[in-house]
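Fold and contact review
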Amino acid sequence: MAKELVISFSAEVIYWRGPSPFFFLRVPERDALAINKIAKQVSYGWGVIPSDVTIGSNEFYTALIPKDGSYLVPLKKVVREATKIDLGDNVNVEIRISTGL
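Here is a short report on the structure shown in this document. It should be emphasised that the depicted structure is a prediction, and the values quoted were computed from it without experimental measurement.

Positive phi, close to 50 degrees, is recorded for aspartate 68, a residue that is not glycine. Within the secondary structure, aspartate 68 is located in the loop between β4 (58-67) and β5 (70-75). Despite not being glycine, lysine 84 has its phi angle at roughly 55 degrees, a positive value. Note that lysine 84 resides in the loop between α2 (77-83) and β6 (90-98). For lysine 84, a relative accessible area of 73% corresponds to the exposed category.

Take the side chain of aspartate 31 next. If you trace the backbone, aspartate 31 turns up in helix α1 (residues 29-42). Classification of aspartate 31 by relative accessible area gives buried; the value is 9%. Apart from the residues within four sequence positions on either side, aspartate 31 is in contact with Ile7, Ser8 and Phe9.

What counts, and where the lines are drawn
- Residues numbered from 1 in each chain as written.
- Predicted model: local features only at pLDDT ≥ 70, side-chain atom pairs only at ≥ 80, totals over all residues.
- Heavy atoms only, no water.
- Helix = DSSP H or I, 4+ residues; strand = E, 2+ residues; numbered from the N terminus.
- Buried < 20%, exposed > 50% of the residue type's maximum accessible area, 1.4 Å probe, protein only.
- Contact = heavy atoms within 4.5 Å.

Written as structure tokens, this is what we have:
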């Protein structure tokens with residue numbers, strides 16, 4: 001049975017106007033440190049971390065993106081619509097990362 005790293009936190013929805021504009025949640029520093037400890041084992045390239053994310057009763061699969069010493073949780077439009085969240089909202093989130101160990 002695979003083990004998981006499970007983290008829960010609350011974060012504000014932010015918008016990044018990069019090459020691909022998107023909405024994100026920034027992982028708090030303490031949780032980013034826990035992810036960093038397993039990152040090399042679980043990343044499938046470019047440092048991104050495959051994750052199962054739960055917001056409210058909505059669960060979805062995504063990849064955490066490393067950014068400025070932390071990670072960003074991408075929030076696709078379909079996720080934001082299903083959870084009724086928007087820019088600036090404070091969101092409770094749970095992230096599960098399978099360590100396979």
